[in-house]
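Residue-level listing of the chains:
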Amino acid sequence: RPLLLVADGMGGHNTGEVASAHATEVVRARLEENRAHPPMALAKALQAANRQVLAQARSDPRHEGMGTTLTAILIDDSVGLVAHVGDTRAYLLRDGALHPLTQDHSWVAERVRQGLLSEDEARHHRWRNVITNALGATERFRLDLAHVRLRPGDRLLVASDGLTSLLADAVLYDTAASGTPEEAVEALLDAADARGSPDNVSAVVADVVEVQVRDKPYDLPAEAPWTVEVGATQTGIREVEDRYPGRGPMTWMRKQAWYPYRLWIVGSAYLAFLLVLFVAMR
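Read on for a plain summary of the structure. Owing to the predicted nature of the structure, the values given are computational and were not obtained by experimental measurement.

**Here's the deal with a nonpolar patch on the surface**
Nonpolar side chains collect at one region of the surface, where Y270, L271, F273, L274, L277 and M281 lie side by side and expose about 660 Å² of accessible area between them. Mapped onto the fold, M281 is located in helix α10 (residues 262-281).

As structure tokens, then:
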């Protein structure tokens, strides 16, 4: 399954590169290992990335306080599954319009949503680079999950805030929609450089050429995007599974009242079988 991913490290230039590289490597590796249930595999991959970056920061004083944003789109046939942490953004370009697929986890973005700042004020605010959620910063992080049903002709864009904070939506659309995906990326980076971007700039552009519509082994939630808190335990992962329930017999069994006692039931049945066998042999 194709994967679009951008991670933007924090904590200084060298440290930020370590965090983003670790997170990217872990997410890609975990998705290669496990894609049986793509939404849950995506959440588990980011959980593993958070754990890896946090462990690296704690083990090496040079990387204390490092973390990274990460936004990924995993293409599962006709569905794009979006996982988002931080202020890297994902967009859908469709029918001449730019459709955001994520919401920034930043101080200014939260004030915009509260109606306390305008978009223009947020773009120029001195705290515009303060993010409120990242991988590797703490043991728990907030994961936004969303999905988009893809059509031929769609274009997807994932970009770091070094790009999106400088370009107005109209300019971002015009630049990202031009030429081939490779040409669009080059034009986006050139536009950021021309405006004197003080930050690293990363962008990924991909075109949807053909869509294969297949039945999914899981259901898509009506509510999207939605947020789950992910920590070291499986609580958050189970919530993802509940939101994207599978359709197989295991899903049916997990919903039954007796499922938590399945091992006791199997063990009791086995002992009863042995008892019957023993009596029959006497």
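**Description of the nonpolar core**
V27, L46, L70, L135 and L143 are the most contacted members of the largest nonpolar core, which has 36 residues in total. Counting only elements with at least two residues in this core, the list comes to β1 (3-10), α1 (13-33), α2 (38-59), β2 (67-76), β3 (79-85), β6 (141-149), β9 (226-230) and α8 (235-243). Here this core gets 10 residues from one element, more than from any other, and that element is α2. Not counting chain neighbours up to four residues away, the residues in contact with L70 comprise L5, V6, A7, A23, V27, L46, A83, H84, V85 and L135. Core analysis: the next-biggest nonpolar cluster, separate from the first, contains 17 residues, L157, L167, L188 and V205 among them.

**Describing the side chain of H147**
By the element assignment, H147 lies in strand β6. Residue classification places H147 among the buried positions, given a relative accessible area of 19%. The residues touching H147, leaving out its near neighbours within four places in the chain, are V79, G80, L81, L220, P221, A224 and Y244.

**Here we look at a negative patch on the surface**
Taken together, the side chains of E182, E183, E186, D190 and D193 make up a negatively charged region of the molecular surface. Considering the arrangement of structural elements, one finds D190 in helix α7 (residues 181-194). Classification of D190 as partly exposed rests on a relative accessible area of 44%.

**Section: the packing of aromatic side chains**
Under the definition given, this model contains 3 aromatic pairs. Taking the centre distance of 6.4 Å and the plane angle of 70 degrees together, the rings of Y218 and Y244 count as edge-to-face. Of the two residues, Y218 is situated in the loop between β8 (203-207) and β9 and Y244 in the loop between α8 and α9 (249-254); the sequence distance between them amounts to 26 residues. Of the two residues, Y218 and Y244, both sit in the buried class. Ring geometry for W226 versus Y244: centroids 6.3 Å apart, planes at 40 degrees, classification tilted. One end of the pair, W226, is in strand β9; the other, Y244, is in the loop between α8 and α9, with 18 residues separating them in the sequence. By relative accessible area, which is 3% here, W226 ends up buried. By relative accessible area, which is 1% here, Y244 ends up buried. A cation over a ring is seen here: R243 above W226, with NZ or CZ 4.3 Å from the ring centre.

**Section: the sheet that holds β6**
As summarised here, the arrangement of the 5 strands in space is β1-β2-β3-β6-β9, forming an open sheet in which the pairing is antiparallel. Looking at which strands have only one partner, the edges of the open sheet turn out to be β1 and β9. Shown here is a sheet whose adjacent strand axes are inclined to one another by a mean of 15 degrees, direction ignored. Here β2 pairs with β3 via 7 bridges, running antiparallel. Each bridged residue has a counterpart across the sheet, and for L70 the counterpart in β3 is V85. Sheet strands in contact with α2 are β2, β3, β6 and β9, and its direction is about 25 degrees off that of β3.

**Brief notes about the packing of α2 against α8**
Interaxial distance between α2 and α8 falls to 9 Å at its minimum, and their mutual angle equals 160 degrees. Regarding the angle of α2 to α8, the classification is roughly antiparallel. Crossing angle aside, the handedness with which α2 passes α8 is right-handed. Note on element contacts: α8 touches α2 through I237, V240 and E241, opposite P39, M40, A43, K44 and Q47. Classifying every residue of the contact of α2 with α8 gives 5 nonpolar, 1 polar and 2 charged.

Definitions and limits used
- The residue numbering used here restarts from 1 in each chain and proceeds along that chain's sequence as written.
- Whole-chain, interface and lining totals are the exception, using all residues; otherwise, since this is a predicted model, local features are given only for residues with pLDDT of at least 70 and side-chain atom pairs are given and counted only at 80 or more.
- Just so you know, side-chain values use all the structure's heavy atoms and leave hydrogens and water out.
- Like-charged residues within 9 Å of one another, or nonpolar side chains (Val, Leu, Ile, Met, Phe, Trp, Tyr) within 5 Å, are grouped into patches, provided each residue has over 30% relative accessible area and no salt bridge.
- Accessibility throughout is a Shrake-Rupley quantity obtained with a 1.4 Å probe, and a residue counts as covered only by protein chains that appear here.
- Here a salt bridge means any side-chain nitrogen of Lys or Arg lying within 4 Å of a carboxyl oxygen belonging to Asp or Glu.
- In DSSP terms, a helix is any run of H or I states spanning at least four residues, a strand is any run of E spanning at least two, and both are numbered starting from the N terminus.
- Side-chain atoms within 4.5 Å link the members of a nonpolar core, which is a set of buried Ala, Val, Leu, Ile, Met, Phe, Trp, Tyr and Cys residues.
- Any residue under 20% of the maximum accessible area for its type is buried, any over 50% is exposed, and the rest in between are partly exposed; the area is computed with a 1.4 Å probe on protein chains only.
- Should any heavy atoms of two residues lie within 4.5 Å, those residues are considered in contact.
- Charge counting follows a simple rule: Lys and Arg are positive, Asp and Glu are negative, and His as well as the terminal groups are ignored.
- Working definition for charges: the position is that of NZ of Lys, CZ of Arg, CG of Asp or CD of Glu.
- Working definition: a ring pair exists when centres of Phe, Tyr or Trp rings (six-membered ring for Trp) sit within 6.5 Å. Plane angles under 30 degrees give stacked, over 60 give edge-to-face, the rest tilted.
- Lysine and arginine charges are scored as sitting over a ring when NZ or CZ, respectively, is within 6 Å of the ring centre and within 35 degrees of the ring normal.
- Should DSSP find at least two bridges between two strands, the strands are taken to pair.
- Every angle, taken between N-to-C directions, lies between 0 and 180 degrees, and every axis is a line fitted to C-alpha atoms, over only the stretch in contact when it is a helix.
- Note that the term roughly parallel is reserved for angles under 35 degrees, roughly antiparallel for angles over 145, roughly perpendicular for angles of 65 to 115, and oblique for everything else.
- A crossing counts as left-handed when the near helix is turned anticlockwise from the far one by less than a right angle, and as right-handed when that turn is clockwise.
- Any residue outside Ala, Val, Leu, Ile, Met, Phe, Trp, Tyr, Cys, Pro, Asp, Glu, Lys and Arg is labelled polar, Gly included; the first ten of those are nonpolar and the last four are charged.

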